[in-house]
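What follows is each chain in one-letter form.
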Amino acid sequence: MPELHLYDVIRRPVITEKSTELAEGQNKYVFEVARQANKIQVKEAVEEIFDLEGKVIKVNTMNMPAKRGRRGRNTYVRSRAWKKAVVTLEEGVSIELFNV
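Only a predicted model underlies this, so the values are computations on that prediction, with no experimental measurement involved.

> I keep staring at the pairing of strand β2 (residues 28-33) and nothing clicks. Help me out?
The side chains of a regular strand alternate, residue by residue, between the two faces of the sheet. Taking burial as the measure, the 6 residues of β2 include 5 buried ones, the bulk of the element. With 3 bridges joining them, strand β1 (residues 10-13) and β2 adopt antiparallel strand pairing. Paired with R12 across the bridge in β2 is E32.

> Help me understand the pattern of salt bridges, please; the structure alone is not making it clear to me.
It is possible for side chains of opposite charge to pair when their charged atoms get near one another. Taken as a whole, this structure holds 2 salt bridges when the rule is applied. When the shortest N-O distance is used, the salt bridge between R12 and E32 registers 2.6 Å. With R12 in strand β1 and E32 in strand β2, the pair connects residues that are 20 residues apart, well separated along the chain. Overall, the relative accessible area of 2% leaves E32 in the buried class. Among the ionic pairs, R80 bridges to E32, the shortest N-O distance being 3.0 Å.

> Any chance you could explain the environment of R70 here in plain terms?
Mapped onto the elements of the fold, R70 is located in strand β4 (residues 67-71). Its relative accessible area of 61% is what places R70 among the exposed residues. Aside from chain neighbours lying at most four places away, what touches R70 is T75 and Y76.

About the criteria used
- Residues numbered from 1 in each chain as written.
- Predicted model: local features only at pLDDT ≥ 70, side-chain atom pairs only at ≥ 80, totals over all residues.
- Heavy atoms only, no water.
- Buried < 20%, exposed > 50% of the residue type's maximum accessible area, 1.4 Å probe, protein only.
- Helix = DSSP H or I, 4+ residues; strand = E, 2+ residues; numbered from the N terminus.
- Pairing = 2+ DSSP bridges.
- Salt bridge = Lys/Arg side-chain N within 4 Å of Asp/Glu carboxyl O.
- Contact = heavy atoms within 4.5 Å.

Distances and angles like these do not, on their own, reveal function.
In structure tokens:
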């Protein structure tokens, strides 16, 4: 498996109503990450990109399945499969990108 660059590990932040509540209440931030990235790579990427050395407490990852649709008998893929990472930071630390 090829080594991923830091900026290839994190694809985009996930900004939804639920992720906003997690960020405000529990100091957890949600990202879409590369499917082959592991928790250690996600932790290192978040710490390096957002300048949070040693502030990441925990990383939870989950594979989100593709959503399928139907038209009559035919099925098709509405959205592709992707991997989500929930990153927990220390108390009092925040990522400025989410404070918009």
